[in-house]
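# Structural description and commentary
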Amino acid sequence: MALFTGLIDKFRQGLRRTQEVVLRPLGHLLGLKKLDEDQLLELEDLLLQADLGVHAVDRLMLRLRFELKRSNEIDPKAILKDELLKVLHQQPTRPFVAPSTQVVLLVGVNGVGKTTTLGKLAAHLKGRGEDVLVVAGDTFRAAAIDQLELWGERAGVPVIRNQMGGDPAAIAFDGATSAKAKGTHWVLIDTAGRLHTKDHLMKELDKIRRSLQKVIPDAPHRVLLVLDATTGQNGIHQAEAFKQAAGVTDLVLTKLDGSAKGGVVVPILERLKLPIAFVGVGEGVDDLIPFDADAFVDGLLDV
Amino acid sequence: MFDSLTEKLSKAMKALRGQSKLTESNIDEALREVRMALLEADVHVAVARTFLTRVKEKALGAEVLQGLNPGQAFIDIVHKELVEIMGGQADEKPLSFAAQPPTVVMMVGLQGAGKTTTCGKLAKFLKKNGSSPLLVPADVYRPAAIEQLHVVAKDAGIPSFHHESKNPVEICEAALKEAKLKGWDVVILDTAGRLHLDETLMAELSRIKAACEPSEILFVADAMTGQDAVRSAGSFHEQLGITGVILTKTDGDTRGGAAFSIKQATGRPIKFTGSGEKLDDFERFHPDRMAQRILGMGDVLSLIEHAKDKIDEKDAERLANRMAKNQFTLEDMRQQFQQVSKLGSMTKIMGMLPLPGITKEQKEQMAGLATDKRMKHLTAILDSMTPKERANHNLLDAKRKRRVAGGSGRSVQEVNQLIKQYLEMKKMMTQMNDPKFMTRMQRMAGAMKGGGMGSPF
């Protein structure tokens, strides 16, 4: 339990900087019991600054206006929190347990932090005393394999690799085969960053999937879409395309230690009903922590 | 979800038909639509607000020019303003060079923006333009970042600087010395990605700046960035005084409002865009194209370039010649299908076309008529014909049609449909060869362009 509280603190700490930069006036507005038209418009602008997107903000404002009509005094913060949590709680997070060999695939556009996330996740699972095998499936980006090997060293887990430009599906196959034979708990597969609009690269993900299924029929067990918290509304397109092409099961929200708030997950979850497994709050090996919807929404709305 | 602005405005502006002036009351709804478009494109809320005030001032009382409807007149103002703010006419020279070489270019930005790849692209660009650049890896933090730059440099055919030190300032200084000694005239410093909130690392950048006196400090920004772009770019600019921006990952489907936000937050020009996985996917920034993209007006220019890329010009020319001579056969139709399928899915192509007055639903419907699946079926039918049959469709009697249907796994009815479609295309081409018809088409195209106002309408 102490560990868990520690994590929440860390989560809040990561988000605090965010608030300091932008949210001072939001706190003031949310403390009001009544809001006039100007204040409502101001509030709308502030919510839009969180990358929640026009549609989600419209919905939030609609609810506020409805409540304002209904009663003399309202608690804007509680109302917004209620609305946001409804979206974030739609899909409960699934714990990372490995009754048999579990294959985890990490996907996402370029530069979101897939390799770093994978390194941290490997260290976390290893730290729990479980066996981890890391597969260097990004055979495209220069030195991606070296980067992953360094993470492997840090986490103390083996990394399976082939040469640059090799077939990612083949190395994924090798990884799954080896893990199955040895009964390794976790196989974490890194993939090259790809823009979701590039059909041929998206098809490659399906190929990786099929080659994994030749070894372990129900693999990959988890497909994590790594999403950069600084991303704007394009995140919606990313999530939709990756879900369709790779069967994404969970989101990971990275770079939450910056001034961006990752509000785009709200419209994403509204549409796709996916759970958020982890958030990244720094470059250290411990800076990957379980998602906490309450803390996240507080981060969006608190001062 | 992202209906194009054109569609929305044409709705909002319907009420204005026949009015000759833009007034406060008649542009309010249009302004709201523009605001929506900007926000959906990730333009920062405050930036959008300032912009709309400016547009309103310009638009109020503006005469609606002959040949334009009020909607077109309004969007023309919006578009021109956006282009103006985003950079107007591009500078002759994108980078300023030091009087005394080497010129130092320092690349900065958040993690994952694409600095290292962009360094390679910029170096290659400069080399093509006659410089001899040196790439310097100064990211000592991210695992294998230095190795990555060496690999990129090798791919680009550019020398990269090797140094033992783990101190970025020392590395940069040493690289500068080496460049002076060996005659590299541009030194590109690849610094580590960092958060603008990280004081220690930001101070390090200031030290590199002080030690190397760069002529250019380029902020590398991800085109997919949301509202945060204002804060991060603004903060980098405040602390370092950036000289320009390079926008990366513009090859996706992001509307790229971040470009506008960054320009407004820093006042510094966007100099280049990175647009693909290859080191040659790097070009000068085009404010007009970006403006259209942000406004969701359909990226015709991109489509044209895309098409240029994928379509074999010789094939296209040969086909055009055959059409001109009225020799269009089933074989030509087959080749045409193959070319179109190279462009990607029909829905995507339709999305890129700004078709005024056509809603998204209609576009999807139209794309549906030529769905990729249908294309495959048609190609299968054509493939099942013999070369002789493709050269002369009259050979296809009932027996042959049954064979073709069997071979392609489609029905005889579908084979008939295809032949009917072919005959219609052939007929259309005969018309196109008629000079009278072409004049009529050109007049129509002219009208669609909005009377040559320089706007995409």
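This structure is a prediction, so every number in the text was calculated from the model and none was measured.

### A closer look at the overall build of chain A
- Looking only at helices and strands, one finds twelve helices and eight strands in chain A.
- By the compact-globule yardstick of 19 Å for 303 residues, chain A fits well, its C-alpha radius of gyration being 21 Å.
- Counting over 303 residues, chain A shows a buried share of 60%.
- Partitioning the intrachain contacts of chain A with sequence separation of at least 6 by distance along the chain shows that 77% fall at a separation of at least 24.
- Approximately 11,900 Å² of chain A is accessible, and the part contributed by carbon and sulfur atoms is 53%.
- Across chain A, the centroid of the 38 positively charged side chains sits 4 Å from that of the 40 negatively charged ones.

### Observations regarding the interface of chain A and chain B
- Between chain A and chain B, the residue contacts involve 45 residues of the former and 37 residues of the latter.
- Summed over both partners, the interface of chain A with chain B buries about 3,700 Å², with 57% contributed by carbon and sulfur atoms.
- Our enumeration of links across chain A and chain B arrives at four salt bridges.
- Arg35(B) serves as the salt-bridge partner of Asp45(A), at 3.0 Å between the closest nitrogen and oxygen.
- Put simply, chain A and chain B have 19 residue pairs in polar contact (both at pLDDT 80 or more) between them.
- For the side of chain A that touches chain B, the elements supplying multiple residues, two or more each, are α1 (2-22), α3 (37-48), α4 (54-70), α7 (144-155), α9 (199-215) and α10 (234-246) of chain A.

### A look at the pattern of salt bridges
- The final tally for this structure, using the stated rule, is 39 salt bridges over all chains.
- Note that Asp28(B) is salt-bridged to Lys56(B), the shortest N-O span being 3.9 Å. With Asp28(B) in helix α2 (residues 24-40) and Lys56(B) in helix α3 (residues 45-59), the pair connects residues that are 28 residues apart, well separated along the chain.
- For Lys56(B), a relative accessible area of 23% gives the class partly exposed.
- Note that Lys249(B) is salt-bridged to Asp222(B), the shortest N-O span being 2.8 Å. Of this pair, Lys249(B) sits in the loop between β5 (244-248) and α10 (257-266) while Asp222(B) sits in strand β4 (residues 216-222); the two residues are 27 residues apart in sequence, bridging distant segments of the chain. You'll find Lys249(B) and Asp222(B) in the same group, each marked buried.
- Within the structure, one salt-bridge network assembled from shared partners comprises Arg59(A), Arg63(A), Glu67(A), Arg70(A), Asp82(A), Glu83(A), Lys86(A) and Glu270(A).

### Some remarks on the sheet that holds β5(B)
Residue and element names in this part refer to chain B.
- The sheet built from seven strands is open, its strands ordered β2-β3-β1-β4-β5-β6-β7 with mixed pairing. With one partner strand each, in any of the chains shown, β2 (133-138) and β7 (282-284) form the two edges of the open sheet. For this sheet, the mean inter-axis angle between neighbouring strands, taken without regard to orientation, is 25°.
- Across six bridges, the pairing between β2 and strand β3 (residues 186-191) is parallel. By the bridge assignment for β3, proline 133 is matched with valine 186.
- Docked against the sheet, helix α5 (residues 115-128) engages β1 (103-108), β2, β3, β4, β5, β6 (270-274) and β7, running at close to 170° with respect to β3.
- Against the sheet, α10 makes contact with β4, β5 and β6, and its axis sits at roughly 145° relative to β4, the strand it touches most.

### Structural notes on the environment of Pro290(A)
- With respect to the helices, strands and loops of the structure, Pro290(A) is situated in strand β8 (residues 288-290).
- Sequence separation between Pro290(A) and Phe278(A) is twelve residues; the distance between their C-alpha atoms is 4.4 Å.

### With respect to unusual backbone geometry
- Each neighbour pair has its own omega, and for Ala219(A) with Pro220(A) the value is -10°, a cis peptide bond.
- Locating Pro220(A) in the fold gives a position in the loop between α9 and β5 (222-228).
- Pro101(B) connects to Pro102(B) through a cis peptide bond whose omega is 5°.
- Its place among the elements puts Pro102(B) in the loop between α4 (70-86) and β1.
- Look at Asp51(A): it is not a glycine, yet its phi comes out positive at around 65°.

Criteria and thresholds
- Residues numbered from 1 in each chain as written.
- Chains lettered and ligands numbered in written order.
- Predicted model: local features only at pLDDT ≥ 70, side-chain atom pairs only at ≥ 80, totals over all residues.
- Heavy atoms only, no water.
- Helix = DSSP H or I, 4+ residues; strand = E, 2+ residues; numbered from the N terminus.
- Rg over C-alpha atoms; globule rule 2.2 N^0.38 Å.
- Buried < 20%, exposed > 50% of the residue type's maximum accessible area, 1.4 Å probe, protein only.
- Contact = heavy atoms within 4.5 Å.
- Areas by Shrake-Rupley, 256 points an atom, 1.4 Å probe, with all protein chains shown as cover.
- Lys, Arg positive; Asp, Glu negative; His and termini not counted.
- Charge placed at Lys NZ, Arg CZ, Asp CG, Glu CD.
- Buried area = accessible area lost by both parts, 1.4 Å probe.
- Salt bridge = Lys/Arg side-chain N within 4 Å of Asp/Glu carboxyl O.
- Polar contact = N/O pair within 3.5 Å; in protein donor to acceptor, adjacent residues only side chain to side chain.
- Pairing = 2+ DSSP bridges.
- Axes fitted to C-alpha atoms, helices over the stretch in contact; angles between N-to-C directions.

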